[in-house]
Amino acid sequence: MAGLSTLILLLCAVKDVVPSSSHWKPTWPSYRVPVILPQSTLNLDKPRFDAETKLEVVSPCGPACHKSSPLPTYEEVRDYLSYETLYANGSLTETEVGIYILSNGGEGSRGKSRTKRQIYGYDSRFSIFGKDFLLNYPFSTSVKLSTGCTGTLVAEKHVLTAAHCIHDGKSYVKGAQKLRVGFLRPKLKDGSKGANISSSAMPEKMKFQWIRVKRTHVPKGWIKGNANDIGMDYDYALLELKKPHKRKFMKIGVSPPARHLPGGRIHFSGYDNDRPGNLVYRFCDVKDETYDLLYQQCDAQPGASGSGVYVRMWKRQNHKWERKIIGIFSGHQWVDMNGTPQDFNVAVRITPLKYAQICYWIKGNYLDCREG
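Residues numbered from 1 in each chain as written. Predicted model: local features only at pLDDT ≥ 70, side-chain atom pairs only at ≥ 80, totals over all residues. Heavy atoms only, no water.

Taking an unreviewed UniProt entry as the reference, the protein chain is identified by name as Serine protease 23 belonging to Nothocercus nigrocapillus. If you open the UniProt record of the protein chain and go to Subcellular location (unreviewed entry), you find "Secreted". (UniProt positions renumbered as here; feature names shortened; annotations may be inferred.)

Next comes the structure, spelled out in structure tokens:
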């Protein structure tokens, strides 16, 4: 099953799914995803936790560069999707995986340095105020990492974020061992009475309540790639909390082609560091895409890295509208295109392979991960 031809067959089997043109609503496609299962686990030496947290990742390889790259072999993809697991006590393991395709119903950086620009023209970001918005879905699914990034609730105890928020490609960041996830909640009132200020005139003050992370999964594609042409495709990580967060979460889904997204747009909310303590929402058009990345010019600042990129589409099986996370916001990218600088903000797409991996991390059972 080795070789490039096998991988091409794999990608074709799960990639080219087109929503029904007879349905007028933007509809979630049905994907048959592959199966990714652990094969062996090896104990590693405890990491040093000596890397500085970088809230943005910059790569000189743009859409044309990625599109011209040769397809990886099956062995390479299997290697990239193998992963490290970091535990709260500092222990570390590496797990090798196998990739399988089941039939229907079957069982079994270097570049020129310049000031990085992440705001494009008029700043179109919206700060979300007031508990009526912040504590309600979908904004309530956005959480803050103690390393300075953003994450999104994707299960009762799991948070999806960017790998570079945990690991710089060579080493785990200083705050990774005692990583915490912050949930915005209203501050307790001081008990004073008679204040002649309406709640609508002054937003209610909020604070973060923190939950410790039990373990973290990071794909080897990021660790081996170290933010180069390969690494950008694998800039995602999953965190498991020590206790349930008791909030509504957002499901993950396979990223449809950009032309099938409602209005060609994506949405995400994050804790941009130029607006401390504020949750910032934005949406924008997708400008370009590769199999693994979405290129757009959503206004963003460091701190928004790790935000879940989502869209709202019609779920035909359930006869309802449903939001799903289709990507993870990675950060800024500057590309020198024939001597002309061009700016993008980049999100990592949840491909069928990544969906199978992340879903297995969450559920621990591939039978629950057969539909993307």
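S.K.: Looking at this structure, I do not really get the overall build of the protein chain. What am I missing?
M.R.: Scanning the protein chain for helices and strands turns up six helices and 17 strands. For the protein chain, the accessible area works out to roughly 17400 Å², and carbon and sulfur atoms hold 50% of it. (Helix = DSSP H or I, 4+ residues; strand = E, 2+ residues; numbered from the N terminus. Areas by Shrake-Rupley, 256 points an atom, 1.4 Å probe, with all protein chains shown as cover.)

S.K.: Mind showing me how you'd approach a positive patch on the surface here?
M.R.: A grouping of Lys 178, Arg 180, Arg 212 and Lys 242 is seen on the molecular surface, where their side chains present a positively charged patch. Judged by relative accessible area, which is 62%, Lys 178 ranks as exposed. (Patch = residues over 30% accessible without salt bridge, like charges linked within 9 Å, V, L, I, M, F, W, Y side chains within 5 Å. Salt bridge = Lys/Arg side-chain N within 4 Å of Asp/Glu carboxyl O. Lys, Arg positive; Asp, Glu negative; His and termini not counted. Charge placed at Lys NZ, Arg CZ, Asp CG, Glu CD. Buried < 20%, exposed > 50% of the residue type's maximum accessible area, 1.4 Å probe, protein only.)

S.K.: I keep staring at the nonpolar core and nothing clicks. Help me out?
M.R.: Where a protein is soluble and globular, its nonpolar side chains tend to be buried together. Among the nonpolar cores identified, the biggest contains 71 residues, and Leu 81, Leu 160 and Ile 166 are the most heavily contacted of them. Top contributing element to this core by residue count: helix α6 (residues 352–363), with seven residues. In this structure Leu 81 touches Ile 36, Val 97, Ile 99, Tyr 234, Tyr 236, Leu 353 and Gln 357, once residues within four positions along its chain are discounted. Grouped together as the second largest cluster of nonpolar side chains are 17 residues, Ala 258, Leu 261, Phe 329 and Ala 347 included. (Core = buried A, V, L, I, M, F, W, Y, C linked by side-chain atoms within 4.5 Å. Contact = heavy atoms within 4.5 Å.)

S.K.: I tried to follow the packing of aromatic side chains on my own but got confused; where do I start?
M.R.: Aromatic ring pairs: the centre-centre distance and the angle between the two ring planes describe each pair. Counting across every chain of the model gives twelve aromatic pairs. Summarising the aromatic geometry, the rings of Phe 268 and Phe 329 are spaced 4.7 Å apart at their centres and angled 20° between planes, so their arrangement reads as stacked. Of this pair, Phe 268 sits in strand β12 (residues 265–270) while Phe 329 sits in strand β16 (residues 320–337), placing them 61 residues apart in sequence. When its relative accessible area of 0% is taken as the criterion, Phe 329 is described as buried. Here the guanidinium or amino end of Arg 180 rests over the ring plane of Trp 210, the centre of that ring lying 4.6 Å away. Sitting over the ring of Tyr 234, Lys 354 keeps its end group 5.3 Å from the ring centre. (Phe/Tyr/Trp six-rings, centres within 6.5 Å; stacked < 30°, edge-to-face > 60°. Lys NZ or Arg CZ within 6 Å of the ring centre and 35° of its normal.)

S.K.: Just checking my understanding: could you explain the pattern of salt bridges for this structure?
M.R.: Pairing between side chains becomes possible if they bear opposite charge and their charged atoms approach one another. Taken as a whole and assessed by the stated rule, the structure comprises 13 salt bridges. Where salt bridges share partners, they join Glu 84, Glu 94 and Lys 220 into one cluster.

S.K.: Where do I start with helix α3 (residues 74–81) in this structure?
M.R.: Since one α-helical turn is 3.6 residues long, residues separated by three or four positions face the same way. Every buried residue belonging to α3 is among Tyr 74, Val 77, Tyr 80 and Leu 81, and all of these are buried. Down the axis of α3, the smallest arc covering the buried residues is 125°, so these residues share one side. (Arc of directions from axis to C-beta.)

S.K.: Please clarify how the state of the cysteines should be interpreted in this entry.
M.R.: Covalently bonding the sulfur atom of one cysteine to the sulfur atom of another cysteine gives a disulfide. Taken as a whole, this structure holds three disulfides when the rule is applied. Put simply, Cys 149 and Cys 165 are joined by a disulfide, and their sulfur atoms are 2.1 Å apart. Its torsion about the S-S bond being -95°, the disulfide of Cys 149 and Cys 165 is classed as left-handed. Remark: Cys 165 occurs in the loop between β7 (158–161) and β8 (180–186) and Cys 149 occurs in the loop between β5 (142–145) and β6 (150–153); sequence separation between them is 16 residues. By the burial criterion, Cys 149 is buried, and Cys 165 matches it. The disulfide partner of Cys 284 is Cys 298, and the S-S distance across this bridge is 2.0 Å. Judged by the torsion about the S-S bond (-95°), the Cys 284/Cys 298 disulfide is left-handed. Linking Cys 284 in strand β13 (residues 279–289) with Cys 298 in the loop between β14 (293–296) and β15 (308–315), this pair joins segments that are 14 residues apart in sequence. The exposure class assigned to Cys 298 is buried, which follows from its relative accessible area of 1%. (Disulfide = S-S within 2.5 Å.)

S.K.: Sorry if this is basic, but what is going on with empty space enclosed by the protein here?
M.R.: Any empty space left between the atoms is revealed when a probe the size of a water molecule rolls over them. As a volume, the largest cavity reaches approximately 40 Å³. Lining the largest cavity, in full, are Leu 86, Tyr 87, Ala 88, Ala 176, Gln 177, Leu 179, Val 213, Lys 214, Arg 215 and Thr 216. Where the lining of the largest cavity is concerned, the elements lending two or more residues are β2 (83–87) and β9 (206–219). Considered class by class, the residues forming the lining of the largest cavity number six nonpolar, two polar and two charged. (1 Å grid on protein atoms, 1.4 Å probe; cavity = no way out; pocket = protein on both sides within 12 Å on 5 of 7 lines; lining within 4 Å. Points joined across faces, edges and corners; volume = space filled by probe spheres on them. Nonpolar A, V, L, I, M, F, W, Y, C, P; charged D, E, K, R; others polar.)

S.K.: Sorry, what's going on with the confidence of the model for the protein chain here?
M.R.: When pLDDT is low, close inspection of the predicted coordinates is not appropriate. When pLDDT is averaged across the protein chain, the result is 80; 76% of the residues are at 70 or more. Here residues 1–23 is a poorly scored stretch, pLDDT under 50, and it has 39 contacts once near neighbours within four places are set aside; other chains count. Confidence drops under a pLDDT of 50 for residues 191–202, and excluding neighbours within four residues, the segment shows one contact in the predicted structure. (pLDDT = per-residue confidence, 0-100.)

S.K.: Which parts of the structure should I look at to understand the pairing of β2?
M.R.: Every regular strand shows the same layout, with side chains that alternate between the two sheet faces. Burial of β2 is extensive: four of the five residues sit out of reach of the surface. Two successive antiparallel strands, β2 and strand β3 (residues 92–100), enclose a turn made up of four residues, where Gly 90 displays a positive phi of approximately 95°. With five bridges connecting them, β2 and β9 associate as antiparallel partners. Residue Thr 85 lies in a different strand from β9, and its bridge partner there is His 217. (Pairing = 2+ DSSP bridges.)

S.K.: Is there a simple way to think about the side chain of Glu 84 in this case?
M.R.: Mapped onto the elements of the fold, Glu 84 is located in strand β2. Overall, Glu 84 belongs to the buried group, its relative accessible area being 8%. Ignoring sequence-local partners within four residues, the contact set of Glu 84 consists of Leu 44, Leu 92, Thr 93, Glu 94, Tyr 172, Thr 216, His 217, Val 218, Lys 220 and Ile 223.

S.K.: Help me out: how do you make sense of unusual backbone geometry in this one?
M.R.: Apart from glycine, the bulk of residues carry a negative phi angle, and the bulk of peptide bonds sit in the trans form. With a phi angle near 65°, Lys 246 is a residue other than glycine that sits in the positive phi range. When you line up the elements, Lys 246 lands in the loop between β10 (237–241) and β11 (251–252). Notably, His 319 is not glycine yet its phi reads approximately 55°, a positive angle. By the secondary structure assignment, His 319 is in the loop between β15 and β16. On the basis of relative accessible area, His 319 is assigned to the exposed category, the value being 62%.

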